[in-house]
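Structural description and commentary
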Amino acid sequence: MKETLPTISRVSKSQHHGGDQKMMEKSNGGVVPYRYPSWFVIFASFNMLWFLMFYFNTDAFVSSKNKIQSIMNDYVYGFVSPQPKFMVPLESETAVPLSGEPIRDDDLVDRFGTDDQPEAVRQAEVVVSPNQSKTEDLPSQTELVGGNVSRPKPEENEIEPVSDPNKNETVTIEPVSENLSETKTENEIETIADQNRNETVTIEPVNENGSETKTEDPIRENEIEPVDTKLVTGNRTEPITQEDPVTEDGIEPVVHDLNEPVPRNESESDFDPCTGKYIYMHDLPKKFNEDLLIECDTLNKWIPMCPYMENGGLGPRLVNSQGVFPTNGGWFNTDQYMLEIIFHHRMQQYKCLTPNSSLASAIYVPFYAGFEVIRYLWDSDVPTRDAATLELVKWLLSKPEWKVLGGRDHFLVPGRTTWDFRRLSEDDADWGNKLLVLPETEMMPALLVEASPWQVNDFGVPFPTYFHPSSDGEVYELQNRMRNQQRRFLFSFVGAPRPNNTKSIRNQLIEQCLGSKNCKQQDCRNKENGEKPCEDPSTVMKVFQRSVFCLEPQGDSATRRSTFDAILAGCIPVFFYPGTAYTQYTWYLPKNYTQYSVFISEDEVRDGKVNIESVLQQFSQEQIRRMQEEVIKLIPKVIYADPRSKLETIEDAFDIAVKGVLQRVDKVRNDIREGRNPDKPPRSEYNTWKYRLLGTEEKHEWDHFFETPK
C-alpha cells in the first residue's frame with residue numbers, strides 16, 4: 001500500500017497576511033493593530049536625520065562623490081589619464097652609418113640603420129605647482145634662445161575651463177557650496193587628474209560627430225615655453241633665430257658677461273628621470289665625422305684602419321683560439337684610438353638625448369678630431385692640419401646654442417691624447433693641430449684617453465679595450481672567471497724597448513724580468529718574418545691572466561692602453577709614473593691608489609736603486625687577494641658596452657664620462673652665478689692634477705714629476 005504524502009496547499013501572500021490580521025484582531029479582542037508611540041517615532045527620526053547630516057559632511061562622502069564623478073567623466077567624456085610624452089628619435093640622430101666596403105657586419109646595419117630607430121626617450125612635461133614660487137635659478141626665455149618671447153601668465157587660483165561635450169561652448173567649473181565641503185582654499189583647487197602626480201590634465205571633450213576638440217592648456221608660471229622650430233632634415237628641428245650681425249671674417253665675436261646669471265636648463269619635475277641629464281647633440285656636417293670613416297683607408301699610412309671600423313668601431317669579433325676569453329661573446333679586436341666613434345654611437349642611444357637644446361644641460365659636438373688629424377700629423381703643413389678645426393669653430397659660432405654659455409656647456413671627445421691637439425707654434429715641425437688651444441675651444445670640456453695634468457678642461461677617460469659586453473651577465477662572468485684564475489707568474493711585462501728614449505725605463509724592466517724565474521716577458525717587437533705578436537689580443541690577454549702583477553711604465557706618452565687590458569685580466573698594475581693613471585682617470589680609479597695598485601718611482605728604477613721582484617714579494621697573500629678584488633671591481637668602470645645593446649644595472653666608462661661632463665658644466669654655471677670666473681680657477685694651473693687627486697695645493701712628493709707644463 002503506497003504511503004500517501006500530505007498535500008501542501010499553496011496560499012498566496014495576501015491570504016497569509018489576511019489570516020494574520022484576523023488572528024491579531026481576535027487576540028486583541030477586535031482592537032486596531034499595535035502602533036509605536038509618537039515619542040519613539042520622533043526620537044528615531046531625529047537620530048536618522050542627525051546621522052545623514054553627519055555622513056554627508058564627512059570626507060568619506062566627499063571621496064565617494066569624487067570617485068563617482070570620476071567614473072561618470074570616464075563614461076560621458078571618454079576621459080583617459082595622460083601618458084608620459086615620448087621623444088621620438090630623429091632620423092639624423094640615429095647611429096652614424098658606416099657605409100663603404102670595410103663594413104662587413106650585418107648587425108651594424110640592423111642596429112644603426114634608419115630602419116631600426118633607437119629606443120624612444122621618455123620626456124616628462126615640465127610642471128610647476130600653483131603654490132611653488134619662482135626661483136632665481138631658472139633661465140628666462142630670452143637667455144635660452146636670445147629672443148623676446150611673451151606668454152600669458154595665469155591669474156592666482158584660476159580654474160581651467162572645461163568644454164561641454166554636447167556643445168561647442170566653454171563652461172567654467174563652479175565651486176560647490178560649503179555644506180558639501182567641495183570648495184577648496186587657496187592653492188587647493190583640484191582638476192580631474194592623477195592625484196599622485198604633480199601635473200595638470202586637460203579634458204578633451206568629444207563633439208557630436210565623434211571628433212575630439214582640444215582646449216589650449218594655458219602656460220603655467222615658471223614653465224619653460226617650447227622654442228619655435230622649423231624642419232631642417234627629416235624630423236630634425238632647430239631653433240628659428242634671426243640672422244646675427246657678422247664681422248668682416250663672417251664670424252660674430254662671442255661676448256659673455258660673467259656677472260650675468262646663466263640659465264639653468266633643468267626641469268623642475270621631480271618625476272622626470274632625465275632632470276639635469278638632458279644632452280643635445282649637434283647635427284654636424286658629415287665631413288666632420290661620417291665622411292672620415294668612408295675614407296678610412298687614408299687615415300693611417302702604416303696601419304690599415306678599415307677593418308677596425310667594423311661593428312661600429314669595435315672591430316672584428318675575436319676568435320677564442322687560445323681559450324682566453326669567456327665563451328658568451330663580447331670580445332672584439334678594438335683599436336686603442338676608436339673612442340670617437342664608439343662614444344658617438346653610445347650617445348645616439350643615450351636615454352636622455354633631447355632634440356630641444358633649451359632643455360639640455362650639456363651639448364655634445366660629435367667631431368672625429370682624432371681621425372681628422374691623424375692623416376696630417378707627420379708630413380703636412382700647419383694650415384692643412386688646422387683647416388678642419390677652424391671650419392668647425394666657425395660652424396659652432398653660428399649656432400644659437402653657443403651663445404648661451406659661450407661654448408662652455410659644449411664638449412668634445414677627441415679619440416687620441418691631448419698632445420695631438422695642443423700645438424703651440426706655427427712651425428710646421430711642431431706636432432699636432434690647435435684644436436684645444438684656440439680661444440673658443442679651450443673653454444670646452446674635452447674627454448681624452450690622455451689628458452693634460454695642467455688643463456682644467458681636459459679629462460682623462462679609459463682607452464677602449466677588447467671587451468664590449470652586451471649584457472650584465474657577460475660582465476659578471478668575466479669577473480668571476482678572473483677571481484678563480486690560476487696565476488703562474490708573480491709579475492710580467494708586455495711591451496717593446498724604447499732604445500731612442502733615454503728617459504724610458506723599459507730597458508731596465510725587461511732586463512729585470514728576464515733575470516727572474518717569476519716573471520713573464522712578452523716582447524712586442526715585430527719579427528723579421530713580419531709577425532706582430534702583440535697585435536694578437538689572445539697573446540696579450542693570456543700573459544696578463546697568468547700574472548699577479550703587471551708592469552705598466554710610460555709608453556710613447558704617459559699613459560698606456562695596456563693598463564686597462566691588465567685590469568680586465570684581474571692583474572694588479574704596477575705604475576712608475578703618477579701621470580700614467582693616478583692623475584689621469586680620477587673619475588674612474590680610487591684616489592687611494594694603494595687599494596688596487598703598486599707605485600715604484602721610475603727615478604729609482606732608472607738609477608738602479610730598486611729590485612722590482614723584491615718589492616712585490618713583500619706583499620702577503622691576503623694583501624694580494626684584497627688588491628685583486630679591487631681590480632676586478634674596476635672592470636665595469638673601464639669598459640665601453642656594445643652600443644647595439646644595453647646594460648641594465650652596470651655603469652660603464654661612457655656613463656661615468658657623461659656624469660662627469662654634466663657635473664663640470666653645472667660647476668661652470670654655479671661659478672658664473674656666484675660671480676667667479678670659471679675660466680680661471682683660484683688655484684694655480686700647475687696644481688690642477690693635485691687638486692683633482694688630493695683636493696689640495698700643498699707640497700707633495702710627486703711635485704717634481706709635474707714641474708714643467710707642456
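Starting afresh in each chain, residues are numbered from 1 along the sequence in its written order. The model is predicted, so local features are restricted to residues of pLDDT at least 70 and side-chain atom pairs to those at 80 or more, both for listing and for counting; the totals for chains, interfaces and linings are taken over all residues. Calculated side-chain values reflect all of the structure's heavy atoms, with hydrogen atoms and water omitted.

Here we take up the pattern of salt bridges. Once their charged atoms are close, side chains differing in charge can pair, the charge on each being opposite to the other. Any Lys or Arg side-chain nitrogen located within 4 Å of an Asp or Glu carboxyl oxygen qualifies as a salt bridge. Using the criterion set out here, one finds 29 salt bridges in the structure. One salt bridge connects glutamate 391 with lysine 287, and the closest N-O pair in it is separated by 2.1 Å. Remark: lysine 287 occurs in the loop between strand S7 (279-281) and helix H6 (290-294) and glutamate 391 occurs in helix H10 (residues 382-397); sequence separation between them is 104 residues. Between buried and exposed lies partly exposed: a residue is buried under 20% and exposed over 50% of the maximum accessible area for its type, with that area taken using a 1.4 Å probe on protein chains only. You can call glutamate 391 partly exposed: its relative accessible area is 36%. Residue classification places lysine 287 among the partly exposed residues on the basis of a relative accessible area of 43%. In this structure, the salt-bridge partner of glutamate 602 is arginine 606, at a minimum N-O distance of 3.6 Å. With glutamate 602 and arginine 606 both in helix H16 (residues 602-606) and 4 residues apart, this pair spans about one turn of that helix. For arginine 606, a relative accessible area of 29% puts it in the partly exposed group. Numbering of helices and strands runs from the N terminus; a helix is a DSSP stretch of H or I covering at least four residues, while a strand is a stretch of E covering at least two.

Disulfides are defined as pairs of cysteine sulfur atoms found within 2.5 Å of each other. Under the defined criterion, the tally for this structure stands at 5 disulfides. Paired through a disulfide, cysteine 550 and cysteine 571 show a sulfur-sulfur distance of 2.0 Å. Between cysteine 550 and cysteine 571, the S-S dihedral sits near 115 degrees, and the bridge is therefore right-handed. Of this pair, cysteine 550 sits in strand S14 (residues 547-552) while cysteine 571 sits in the loop between helix H15 (562-568) and strand S15 (572-575), and the two are 21 residues apart along the sequence. Listing the disulfide partners of the protein by sequence rank of the bonded cysteines yields 1-4, 2-3, 5-6, 7-8, 9-10.

Another point: the sheet that holds strand S16 (residues 598-599). Ordered in space as S13-S12-S14-S15-S16, the 5 strands form an open sheet in which the pairing is parallel. Pairing within the sheet leaves two strands with one partner each, and these edge strands are strand S13 (519-523) and S16. Two strands pair under a simple rule: DSSP has to find at least two bridges between them.

Moving on to the packing of helix H8 (residues 339-348) against helix H19 (residues 653-673). Helix axes use the C-alpha atoms of the stretch in contact, all axes being lines fitted to C-alpha atoms, and the angles between their N-to-C directions lie in the range 0 to 180 degrees. In contact at an axis separation of 11 Å, H8 and H19 are set at 80 degrees when each is read in the N-to-C sense. Here H19 runs roughly perpendicular to H8, going by the angle between their axes. The segment H8 lies against H19, with Phe343, Arg346 and Met347 engaging Phe654, Asp655, Ala657 and Val658. Residue classes in the contact of H8 with H19 are distributed as 5 nonpolar, no polar and 2 charged. Roughly parallel covers angles under 35 degrees, roughly antiparallel covers those over 145, roughly perpendicular covers 65 to 115, and oblique covers all other angles. Two residues form a contact once any of their heavy atoms are found within 4.5 Å. Here the term charged refers only to Asp, Glu, Lys and Arg, the term nonpolar to Ala, Val, Leu, Ile, Met, Phe, Trp, Tyr, Cys and Pro, and the term polar to all other amino acids, Gly among them.

Owing to a relative accessible area of 9%, glutamate 602 belongs among the buried residues under this scheme. Among residues more than four places away in sequence, those in contact with glutamate 602 are Ile505, Gln554, Phe576, Tyr577 and Phe705.

Let's shift gears to the packing of aromatic side chains. Only rings of Phe, Tyr and Trp enter the pairing, Trp through its six-membered ring, and a pair is recorded when the two centres are within 6.5 Å. The plane angle decides the type: under 30 degrees is stacked, over 60 is edge-to-face, the rest tilted. Evaluated as defined, the whole model comprises 28 aromatic pairs. Look at phenylalanine 599 and tryptophan 702: their rings are 5.3 Å apart centre to centre, the planes differ by 55 degrees, and that puts the pair in the tilted class. Remark: tryptophan 702 occurs in the segment after helix H20 (688-694) and phenylalanine 599 occurs in strand S16; sequence separation between them is 103 residues. Here the aromatic cluster, defined as three or more aromatic residues joined through ring pairs, consists of Trp419, Trp454, Tyr577, Trp689, Phe705 and Phe706. Only when the NZ of Lys or the CZ of Arg is both within 6 Å of the ring centre and within 35 degrees of the ring normal is a charge said to sit over the ring. Here the guanidinium or amino end of arginine 561 rests over the ring plane of tyrosine 466, the centre of that ring lying 4.1 Å away.

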